[in-house]
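# A look at the structure
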Amino acid sequence: MPKKFDMLWLYAIIFIMFLYGPVLLMPVFALNDGTFATFPLKGFTVKNFASMAANTSMILAFQTSVKIAVSVAVLSTVLAMPAALALTRYRLPGGGPIQSFMMLPLVIPSIVIGVALLVIILKIFGIQLSLWTVAAGHVLICIPFCMSVLMSRLEGFDPSLEEASSDLGCSAWQTFWRLTFPLALPGVISSLLMGFIISFDEFVIAFFLTGTENTLPVYLFSQLRFPNKLPGVLALGSLILVGSAVLVIAAEIIRKRGAPSSNPGDY
Amino acid sequence: MILMLALPVAALVLLSFWTQNGFELDRTLTVENYAQLVRLSDEPTIWFGIPFYFAYPVPAILMLKSLVMSLTATIAVIALAYPMAYFLAFRITRNKAMWIILITIPFWTSYLLRVFAWKVVLGFNGAINSGLKAIGIIDQPLEFLLYNPGAVVVTLAHSWVAFAILPIYVSLEKIDRSLLEAASDLGDSKLRRFLRVTLPLSAPGTVAAALLVFIPTVGDYVTPTLVGGPGGTMIGNLVQELFLKQNNAPLGAAVAIMMMLIIAVVVAIFLWAIGYRRIRARRM
Amino acid sequence: MSSDRPIIELSDIEKRFGSLTVLHDINFDIGRGEFFSLLGASGCGKTTLLRILAGIEQPSEGKLLIDGQPMAGVPANRRPTNMVFQSYAIFPHLNVEENIGYGLRNCPIPKEEARARVAEAIALVKLDGLATRNAHQLSGGQRQRVALARALVCRPKVLLLDEPLSALDKKLREEMQLELRALQRTVGITFVFVTHDQEEALTLSDRIAIMAGGRVLQIDSPRGLYERPANRRVAEFVGTMNLLPGKVKNLGGGRARLDAGALGAFEAPAVSGVADGSAGFLALRPEKLVLAAAGGKAKPGALTGRVAEAAYLGDRIHYQVSVDALGTPLAVSVNNVDGSTDFALGAPVTVGWAEAGGVILGD
C-alpha cells in the first residue's frame, strides 16, 4: 500500500482508468453475446473468437502482417545499428543535426510520409505497389525508434571498454563481435520487437502503400464500416491488443534486464 | 540512410510543382497548385463567423480547424500528463519500471484500435449511451457524443497522452532533489517551490512533449475518419482524399507541403514566444 | 637489437586537439624493466601521453619507438603494450576468467597454453577461486586485479597503467601499491604509471617525469626530485617546500649564495642551470628545519619568528612560523620525540637548518 494516499494517488488511479478503460471495453464486448457493443451485457460467449478461425481473408491478412513485420524488424534493426554506433561511438562532425534529422519521422505526420512514399514509388520509380512498398515505408518510420533503443543501450558503456579490447589485440571487426554486439544484444532484441510491433500495428502508411494484399490493420479498417462485422472486429481487436501488450512487456523486460551497468563501483 | 528520408520529401516537393490534367500528369514546373490554395476571391466563405477570402477555401478552413483541434488536444494532453509524470517522478519509489511499462503499453498497442475503442465508447449505440440508458438516466441516445470535433479532440488526447508523459517524466526525474530541499530551506512553501523550481526545470521536457503531440496530430488521418464524422474532418482527410479519391496528387502534395510549412511556422513562433533557447540553456 | 637500448624512445612528440596543443616537445626514454611514472595535476597531458604509447591516440608530431620499432601507423591492437584503464574497463558480459583470457584469443598460442596462462595470471594477482565470478560481482580491488591480470597475461613489453589506484579507498590503495611494486619486480616488465598522487609516485617509481601544461618539467628518481627539484614549479608540486626569494650569486663548484635582502644571505648547494645574478630561491623542506625557543642558542643564519599555527599529527607536529620580512609563513615539521618541540601559539621561536639542508634553485 502507498504510504500516503492523497489527491495525486487518486489522480493516478483515475488516469490509468481513463487510459485503459476504452481499450478494455473491446474484449468485454467481444466476449458479450450480442451483435451490438451495448450495455447491458447479454451473456458470456467465445463464439466471436471461434468464428475467426473460419475467416480466410482475415487469416491471410494476419499472415501478411506477420511477414512484413518480421522483415521490417530485421531490416530496420540492421540499418539502425551502424547509425547508432556511429552516433554514440564517434563524435561525428555534425552529429547533432544528423541525429535530429534521423528523428524527423517521429514528428512528421504519418500521412505525409505515406503520400510522399506513394509519390516516389508510383510517380518517380514507377514501381507497382506491393507488400515490399509497405515494408519500405515501415522501415522508414521504425528506424528512429530502433535507433533510440540501440543508442540508449550503447551510450551506457564506458568508452574505454572498446579501447581495452583494441589494446588487447582485437581489430575493429573482432571488437564488434566479441564486445559491442554481445553488450548491445538486449537492445538489439528490444529493437527487433519494437520494429515488429510498430509495423504490425501501423495503418496509415500500409493503407497508402499496399497493393492488392491487405495487412491486418488495413483489413480491420475495411471491416469497421460494416456494423454486422462489429463482433468479429472486436474479437480480432482484443487479440491484437493482448498480443501487442505481451510483446511490449517482453521488450521492456529484456531491455531492463540486459547486462548490468559497466561503470566501476556499480554492483 | 539520410537519402531514404530526404528523397520522399523531395519527391513530394517536386510533385507539388506539377499538375494533374485529367488522368495525365503534366510535368512542367508550375506554382499553380500553390496559387490555387491562396487565390483570393471577393466573396468570402464564412466559417464560424470567420470570413475566408479564398477562391478554394476548403484547405485553409481545414488547416485552421486542424490547428485549433490539435492545439486543444495538446493542451489537454499536457494538462493530463503533467500530474501523472509528477506522480511517477516524485511519488513512486518502488516498482518504477512497472509503472512506466503500465503507462507505455497503450501507446504501443494499435493506434487504429485505440481510436476504434472510442467509437465503441461514444457511438450512438455505444457504451456511454447504452450504459446510461440501462441505468435509466436517459431515454434517447445522446447524439452529440460522436462524429464531431469534440470527439476527435478527446480521442486524440487519449491516444497521445501516454506518449507525452515520458519526456515530462524524464525532465522531472533529472531534477536534483537537493534543489528542492534547498528551495524549502530558503523558505519556499510547497506551492511556491513547485512554481519557482520544479516547473521551470521541467519546462524543456514539457515543451518537447507538447511538440511531440502537436506536430503529428495536426495531420492525423485515422482519428477524424473514425470518430470525426462530417463535422470533424481535418487537413489529413483532405490530403488523403486528393490523393486517393479525387486523383489530384499534385494538389494533395501542395496541401501536404503547406501543412508542414504552417506547422513549422507555428512551432517556431511558439518556441520563440516562450524563449525556448533560454530554457534549454538553463539546463545543466 | 641490443638489450640495453631503451624500451621506449620519445622524440619531439607533440599532440594537438584542434587548435589546442596538449603536449609540447616531449623527449625522453624509458629503460627496460623500469617502473616509470608520469606525475602531474589533471589536464597536464599525462594520460594523453600514455594513450599515445598505447596507440589509442596518435601524436600530431614526433617519433615514438617501442623496443626499437617505429610505432607510427601501428594500431593499438598490434602494439607490444597493454593497458590497465582508470575505470578498469572490465567487460561486463564476461566473467573473470573470460576477461583475463580476452587478449589471448588474439595470440597464436594453443588453447591449453592459454588456459594455463590464465590460471597463472589469476594466481599472480591473487584471485584464486574467483575465476567464474561475474564482472559485476567484483569489488573495486578485485576489478583492479582482473584488469591487471588481463593486461599482463599477453606478456606485453610495456604495461601502461592509467591511475589504476585512484578509485580505491586509502587503505586498499596503500596495500595495492606494495603489491604492484612486488608484481613489477616479479614479472620484470616495464611499467609506465600515470598518477596525480605524488606520494604514490614517490613510493612506486624508479623514475618520475613531472608534467605540467603539456610539458615535462623534470625527470629524476624520487630522491632526486624531492631533494633537488629543478625549479620552483617542481619544488612546489612535490611535497611542501618553503621558498625564500632572493638574488642568486653563483659561487662555482655546485654552490651558490642567495641574497634575500632583509632576511640575510644564505649559502647552499645549487641545482644546475641557476644563472648568476638571476632571481632564485632558497628551498627548504619543512622537516629539515629546526625550531628552538627564541633567546636560546640560535644556529648560524637562523630566522626569528612567532608560532602562528600548530597542528598535532601524533608522530609529528606541524607548525606555521610567521617571519617578519617574509610574506608567507614557514612550514616546519618536527618529530614528536619528547616535550622539547612543543611551542604555544604566539611563542617567539628561531628557525634554523643545516647548510646542506637547503638548495638554491631558479624560478
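As shown above, the structure is provided for reference.
An account of the accompanying structure is given in this report.

Calculation criteria
- Residues numbered from 1 in each chain as written.
- Chains lettered and ligands numbered in written order.
- Predicted model: local features only at pLDDT ≥ 70, side-chain atom pairs only at ≥ 80, totals over all residues.
- Heavy atoms only, no water.
- Helix = DSSP H or I, 4+ residues; strand = E, 2+ residues; numbered from the N terminus.
- Buried < 20%, exposed > 50% of the residue type's maximum accessible area, 1.4 Å probe, protein only.
- Contact = heavy atoms within 4.5 Å.
- Lys, Arg positive; Asp, Glu negative; His and termini not counted.
- Charge placed at Lys NZ, Arg CZ, Asp CG, Glu CD.
- Buried area = accessible area lost by both parts, 1.4 Å probe.
- Salt bridge = Lys/Arg side-chain N within 4 Å of Asp/Glu carboxyl O.
- Polar contact = N/O pair within 3.5 Å; in protein donor to acceptor, adjacent residues only side chain to side chain.
- Pairing = 2+ DSSP bridges.
- 1 Å grid on protein atoms, 1.4 Å probe; cavity = no way out; pocket = protein on both sides within 12 Å on 5 of 7 lines; lining within 4 Å.
- Points joined across faces, edges and corners; volume = space filled by probe spheres on them.
- Nonpolar A, V, L, I, M, F, W, Y, C, P; charged D, E, K, R; others polar.
- Axes fitted to C-alpha atoms, helices over the stretch in contact; angles between N-to-C directions.
- Parallel < 35°, antiparallel > 145°, perpendicular 65-115°, else oblique.
- Left-handed = near helix turned anticlockwise from the far one by under 90°.
- Phe/Tyr/Trp six-rings, centres within 6.5 Å; stacked < 30°, edge-to-face > 60°.
- Lys NZ or Arg CZ within 6 Å of the ring centre and 35° of its normal.

### Observations concerning the overall build of chain C
Secondary structure assignment for chain C yields eight helices and 20 strands. Within chain C, the proportion of its 363 residues that are buried is 48%. At a minimum sequence separation of 6, the contacts of chain C that also span at least 24 residues come to 67%. Distance between charge centroids for chain C: 3 Å, based on 41 positive and 40 negative side chains.

### Let's talk about the interface of chain A and chain C
If you look at the interface, chain A gives 25 residues, while chain C gives 27 residues. Roughly 2300 Å² of surface becomes buried between chain A and chain C when both sides are summed, with 56% attributable to carbon and sulfur atoms. Across the contact surface, chain A and chain C share one salt bridge. Among the salt bridges present, the one from Glu163 of chain A reaches Arg51 of chain C, with a minimum N-O distance of 2.7 Å. There are 13 residue pairs in polar contact (both at pLDDT 80 or more) connecting chain A and chain C. Mapped onto the side of chain A that touches chain C, the elements with two or more residues apiece are helix H8 (160-167) and helix H9 (172-201) of chain A.

### A look at the pairing of strand S3 (residues 35-39) of chain C
Residue and element names in this part refer to chain C. Summarising burial for S3: five of the five residues are buried, a large majority. Neither face of S3 is open: one carries Phe35, Ser37 and Leu39, the other Phe36 and Leu38, and all of them are buried. Bridging between S3 and strand S8 (residues 190-195) involves five bridges; their strand directions are parallel. By the bridge assignment, Ser37 is partnered in S8 with Phe193. Pairing of S3 with strand S9 (residues 207-212), which is carried by four bridges, proceeds in the parallel orientation. Bridge pairing in S9 links Ser37 to Ile208.

### A word on empty space enclosed by the protein
A complete count under the given rule lists four cavities of 30 Å³ or more for this structure. Volume-wise, the largest cavity comes out at about 600 Å³. Considering the residues around the largest cavity, the lining is formed by 29 residues, among which Ser110 and Glu202 of chain A together with Phe107, Tyr111 and Trp160 of chain B are closest to the centre. When contributions to the lining of the largest cavity are tallied by element, the ones reaching two or more residues are helix H5 (104-107), helix H6 (110-124), helix H7 (131-155) and H9 of chain A together with helix H4 (96-108), helix H5 (111-122) and helix H7 (149-174) of chain B. Class assignment for the residues of the lining of the largest cavity results in 20 nonpolar, five polar and four charged.

### Focus: the packing of helix H3 (residues 58-91) of chain B against helix H9 (residues 190-218) of chain B
Residue and element names in this part refer to chain B. Packing of H3 against H9 leaves a shortest axis separation of 8 Å and a crossing angle of 140°. What the angle tells us is that H3 and H9 run oblique. For the pair H3 and H9, the crossing hand works out as right-handed. Across from Met63, Ser66, Leu67, Ser70, Leu71, Thr74, Val77, Ile78, Tyr82, Tyr86 and Phe90 in H3, the residues of H9 making contact are Phe194, Thr198, Leu199, Ser202, Thr206, Ala209, Ala210, Val213, Phe214, Thr217 and Val218. Classifying every residue of the contact of H3 with H9 by side-chain character gives 15 nonpolar, seven polar and no charged.

### Observations concerning the side chain of Lys15 of chain C
Residue and element names in this part refer to chain C. Residue position: Lys15 is located in strand S1 (residues 8-17). The class of Lys15 is buried, set by a relative accessible area of 8%. Lys15 has contacts with Leu20, Thr21, Val22, Leu23, Thr48, Ile52, Glu57, Gln58, Pro59 and Ser60, leaving out every residue within four places of it along the chain.

### With respect to the sheet that holds S9 of chain C
Residues and elements named next belong to chain C. Here we have six strands laid out as an open sheet, ordered S6-S7-S8-S3-S9-S10, and mixed in their pairing. Because the sheet does not close on itself, it has two edges, and the strands there are strand S6 (81-84) and strand S10 (215-220). For this sheet, the mean inter-axis angle between neighbouring strands, taken without regard to orientation, is 20°. Sheet topology places strand S7 (residues 158-162) next to S8; five bridges connect them, and they run parallel. Bridge assignment links Leu161 to a residue of S8, and that residue is Phe193. With respect to the sheet, helix H4 (residues 140-152) is in contact with S6 and S7, its orientation differing from that of S6 by roughly 175°. Contacting S3, S7 and S8, helix H5 (residues 170-187) crosses the sheet at an angle of about 155° to S8.

### A short note on the environment of Ala256 of chain C
Residues and elements named next belong to chain C. By the element assignment, Ala256 lies in strand S12 (residues 255-259). Among the residues examined, Ala256 registers a relative accessible area of 1% and is labelled buried. Apart from the residues lying within four places of it in its own chain, the contact partners of Ala256 are Val248, Lys249, Asn250, Leu251, Phe266, Glu267, Ala268, Ala270 and Ile360.

### Points about the interface of chain A and chain B
Facing 70 residues of chain A, the contacting portion of chain B comprises 71 residues. When the two sides are added together, the surface that chain A and chain B hide from each other amounts to roughly 6300 Å², 85% of it contributed by carbon and sulfur. Run the count over chain A and chain B and you get zero salt bridges. At the boundary of chain A and chain B, one finds four residue pairs in polar contact (both at pLDDT 80 or more).

### Focus on the pattern of salt bridges
Evaluated as defined, the whole model comprises 21 salt bridges over all chains. Measuring nitrogen to oxygen at the nearest pair gives 3.6 Å for the salt bridge that ties Arg255 of chain C to Glu267 of chain C. Linking Arg255 of chain C in strand S12 with Glu267 of chain C in strand S13 (residues 265-269), this pair joins segments that are 12 residues apart in sequence. Assessed through its relative accessible area of 32%, Glu267 of chain C is described here as partly exposed. Among the charged side chains, a salt-bridge network with shared partners connects Glu163 of chain A together with Lys15, Arg51 and Glu57 of chain C.

### Focus on the arrangement of the chains
Among the two pairs of chains that make contact, the interface with the largest number of contacts is formed by chains A and B. When C-alpha atoms are compared, chain B and chain C, though not in contact, are closest at a spacing of 21 Å.

### Some details on the packing of aromatic side chains
This structure, assessed with the given rule, holds 26 aromatic pairs over all chains. Look at Phe176 of chain A and Phe181 of chain A: their rings are 6.0 Å apart centre to centre, the planes differ by 45°, and that puts the pair in the tilted class. Note on Phe176 of chain A: relative accessible area 17%, which makes it buried. Joined through ring pairs, the aromatic side chains of Phe203, Phe207, Phe208 and Phe221 of chain A together with Tyr221 of chain B make up one cluster. Just above the ring of Phe91 of chain C sits the side chain of Arg150 of chain C; from NZ or CZ to the centre is 4.6 Å.

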